[in-house]
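The lines below spell out each chain.
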Amino acid sequence: LNDPPYLTSPLNLQSLTSGNMVCSQTALPSCNVFNTCTPLSVLFPGRVLCDMIPCGEEEVDEAIKSAHSAYLKWSKLSGMERARIMLEAARIIRERRDEIARAEVANNGKSITEAQVDIDVAWQCIEYYAGIAPTLSGQHIQLPGGSFAYTRREPLGVCVGIGAWNYPFQIAAWKSAPAMACGNAMVFKPSPMTPVTVVMLAEIYKEAGVPDGLFNVVQGGAETGGLLCHHPMVAKVSFTGSVPTGKKVMEMAAKGVKQVTLELGGKSPLIIFKDCELENAIKGALMANFLTQGEVCCNGTRVFVQREIMPQFLEEVVKRTKAIAVGDPMCEETRMGALIRKPHMEKVLGFIKQAKEQGAKVLCGGERFVPSDPKLKDGYFVSPCVLDNCRDDMTCVKEEIFGPVMSVLPFDTEDEVLQRANNTTFGLASGVFTRDIARAHRVAENLQAGTCYINNYNVGPVEVPFGGYKMSGFGRENGQVTTEYYSQLKTVVVEMGDVESLF
Ligand SMILES: NC(=O)C1=CN([C@@H]2O[C@H](COP(=O)(O)OP(=O)(O)OC[C@H]3O[C@@H](n4cnc5c(N)ncnc54)[C@H](O)[C@@H]3O)[C@@H](O)[C@H]2O)C=CC1
Ligand SMILES: C[N+](C)(C)CCCC(=O)O
């Protein structure tokens, strides 16, 4: 972990020689209004923050081999010993929370308030899996004549984590914590859009006492990701990102018969019945669409509202959407920061333009937002958007936009809305607001998605499993079940009598 070139300290980013990897900076330097904002004077919207050199074959090989040596030591520790070190890592993250959160704002462009929550979720995840590490165990099975069998839950070896840019630090924790709890090593590649904070996580693990190389970071894009997926010493790949890349990762992993977890995109439905508690449903719709500038895989971007309450719903949701404070993400008052980079902002604005051409009505937002502070004028801000008059066949209703765009659709009956909600190739999440308890559970049962929120949306406690149905992927992150995706089961059969041979 000390000096190979692919492990860069975020503090030294400026000193790296130029390469092809560019970390586009979307965040902003300072806020004139609030003292709570810490200026990061190197950061200006739209400016390149640092150039990164993508790791090639040699560095990837070196990282995987060093992870493998660390795995040989780590996997021999007891769960209690691993837990102690992981708890220390969680403690350090808690202690450095604000510093990491500020770096995450620079990394991603999300608001400081959300970044702080992300860092909290990360240490909670590590703490949770530290708690699980000592409980990992097998089964004892009695057989005839005093013979017996037992099972052992064993680690896989070196696991690869490939992360997306929307939750850089949190994704790295979601993958590394269960991997390490089960006794594995991890080589992690963050998105080249957000290379910074995962290096801080590596430093923290080292400080906490994990063996050198147990959590290695390699920087790079598709090519580096491909090298990781193909490497013969890798046992598993856990990927978060888009469906097309997820398919490629699966194909590459298939060549080496490696295990795969895929956390892919979504176009999740949120169903609001007329008997709901409307105030909560409106808050839920905002939470389902506008966290992290709408760049969230499980967002409930198809908001189905029962026709009778549509006018009240729209009036209130639009009022609150217009009130969302967009701007300097370092300011505590800000509720929405900047999109990840210019081409993505243009893609999002393109979806909105197309929606209008296809007959949708923009009730608010949907434009590039230029804050009054001249320092912020080049930021990739988009005002949060509510689209009315949507139909199921429109592009904005069918495709993942990954931006702050809510599409609202009227419905009449439960059967109808279930059929429409499930009419998608995705299946990551879903939500329902109703006061009718039987309806809530019936709808949850019938929605084809890995998660269904009843009377809330986008809460993500680390104790509960998260993952997709259909083309949103498979495998799970968080929760107890994830240990099954980072371990393998060995059966040991013990004969206490004589061998009864047929020969
Ligand atoms: N499910 C989710 O949380 C996310 C979904 N997305 C969706 O994906 C779209 C594109 O975003 P991208 O960052 O370009 O996602 P992506 O799927 O291209 O990239 C995700 C990760 O995979 C790596 N990667 C790319 N090509 C690879 C390859 N051939 N082999 C191995 N690794 C590879 C990237 O470097 C990055 O670390 C977004 O607009 C959004 O729709 C993006 C980020 C997160
Ligand atoms: C929104 N939250 C934190 C519950 C889940 C984010 C998952 C993701 O987009 O990677």
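Residues numbered from 1 in each chain as written. Chains lettered and ligands numbered in written order. Predicted model: local features only at pLDDT ≥ 70, side-chain atom pairs only at ≥ 80, totals over all residues. Heavy atoms only, no water.

An unreviewed UniProt entry annotates the protein chain as Aldehyde dehydrogenase 9 family member A1 originating from Sinocyclocheilus grahami. Note on the protein chain: under the UniProt heading Sequence similarities (unreviewed entry), the record states "Belongs to the aldehyde dehydrogenase family." (UniProt positions renumbered as here; feature names shortened; annotations may be inferred.)

Participant: I'd like a rundown of the sheet that holds strand β19 (residues 473–474), residues and numbers included.
Facilitator: On the basis of which strands lie adjacent, the open sheet formed by 6 strands has the order β7-β6-β5-β8-β9-β19 and mixed pairing. Lying at the two open borders of the sheet, with one neighbouring strand each, are β7 (215–217) and β19. One ladder, built from 3 bridges, connects strand β6 (residues 185–189) with β7; its direction is parallel. Bridge pairing in β7 places methionine 186 opposite phenylalanine 215. Taken strand by strand, helix α7 (residues 222–230) contacts β5 (158–162), β6 and β8 (234–240), and its axis lies near 160 degrees from that of β6. (Pairing = 2+ DSSP bridges. Helix = DSSP H or I, 4+ residues; strand = E, 2+ residues; numbered from the N terminus. Contact = heavy atoms within 4.5 Å. Axes fitted to C-alpha atoms, helices over the stretch in contact; angles between N-to-C directions.)

Participant: Please provide a residue-by-residue account of the nonpolar core, values included.
Facilitator: Counting residues in hydrophobic clusters, the biggest one holds 123 residues, and the most contacted among them are Ile272 and Phe313. For this core, the domains that each give at least three residues are domain 1 (40–265) and domain 2 (269–454). The contact partners of isoleucine 272, leaving out residues within four places of it in the chain, are Ala281, Ala285, Val303, Phe304, Val305, Gln306, Ile309, Phe313, Phe411 and Phe433. (Core = buried A, V, L, I, M, F, W, Y, C linked by side-chain atoms within 4.5 Å. Buried < 20%, exposed > 50% of the residue type's maximum accessible area, 1.4 Å probe, protein only. Domains from an automatic or database assignment.)

Participant: Can you lay out the site of ligand 2 for me, pointing to particular residues and giving the numbers?
Facilitator: Surveying the vicinity of ligand 2 reveals the residues Asn166, Tyr167, Gln170, Val296, Cys297, Cys298 and Asn458. Here an oxygen atom of ligand 2 sits 3.2 Å away from a polar atom, N or O, in the side chain of asparagine 166. Take cysteine 297: an N or O atom from its main chain is 3.2 Å from an oxygen atom of ligand 2. Expressed as a share of its isolated accessible area of 320 Å², the protein-covered part of ligand 2 is 92%. Of the residues that constitute the shell around ligand 2, the class distribution is 4 nonpolar, 3 polar and no charged. Three or more residues apiece are contributed to the shell around ligand 2 by two domains, here domain 1 (40–265) and domain 2 (269–454). (Near = heavy atom within 4 Å. Polar contact = N/O pair within 3.5 Å; in protein donor to acceptor, adjacent residues only side chain to side chain. Areas by Shrake-Rupley, 256 points an atom, 1.4 Å probe, with all protein chains shown as cover. Nonpolar A, V, L, I, M, F, W, Y, C, P; charged D, E, K, R; others polar.)

Participant: Describe the confidence of the model for the protein chain, listing the residues and the values that go with them.
Facilitator: Looking at the protein chain as a whole, its pLDDT mean stands at 92, while 91% of the residues score no less than 70. Predicted confidence is poor over residues 1–42, with pLDDT under 50, and the contacts of this stretch with residues over four places away or in other chains come to 128 contacts. (pLDDT = per-residue confidence, 0-100.)

Participant: I'd love a proper account of helix α8 (residues 243–255), names of residues and values included.
Facilitator: The terminal C-alpha atoms of α8 lie 19 Å apart, and with 13 residues this matches the ideal 18 Å at 1.5 Å per residue to within 8%. Among the residues of α8, those classed as buried are Val243, Gly246, Val249, Met252 and Ala253. Packed against the buried residues of α8 are α7, β8 and β9 (259–263). One or two residues past the end of α8 sits valine 257, with phi positive at roughly 45 degrees. (Expected span 1.5 Å × (residues − 1).)

Participant: Could you give an account of the packing of aromatic side chains, with specific residues and numbers?
Facilitator: For the structure on display, the rule yields 9 aromatic pairs. Linked through ring pairs, Phe188, Tyr205 and Phe215 together constitute an aromatic cluster. We note lysine 236 situated over the ring of tyrosine 486; from NZ or CZ to the ring centre the distance is 4.8 Å. Directly above the aromatic system of phenylalanine 273 lies the positively charged group of arginine 439, at a separation of 4.2 Å from the ring centroid. (Phe/Tyr/Trp six-rings, centres within 6.5 Å; stacked < 30°, edge-to-face > 60°. Lys NZ or Arg CZ within 6 Å of the ring centre and 35° of its normal.)

Participant: I'd like to hear about the pattern of salt bridges, residue by residue, with values.
Facilitator: Scanning the model with the defined rule gives 25 salt bridges in all. Note that arginine 320 and glutamate 279 form a salt bridge whose closest N and O atoms lie 2.7 Å from each other. Placement of the pair is arginine 320 in helix α10 (residues 310–322) and glutamate 279 in helix α9 (residues 278–290), with a sequence separation of 41 residues. Glutamate 279 gets classed as partly exposed once you look at its relative accessible area, which sits at 35%. Between lysine 377 and aspartate 378 there is a salt bridge; the shortest N-O distance is 3.5 Å. Among the residues examined, aspartate 378 registers a relative accessible area of 39% and is labelled partly exposed. Among the ionic contacts, a cluster of salt bridges with common partners joins Glu279, Glu316, Lys319 and Arg320. (Salt bridge = Lys/Arg side-chain N within 4 Å of Asp/Glu carboxyl O.)

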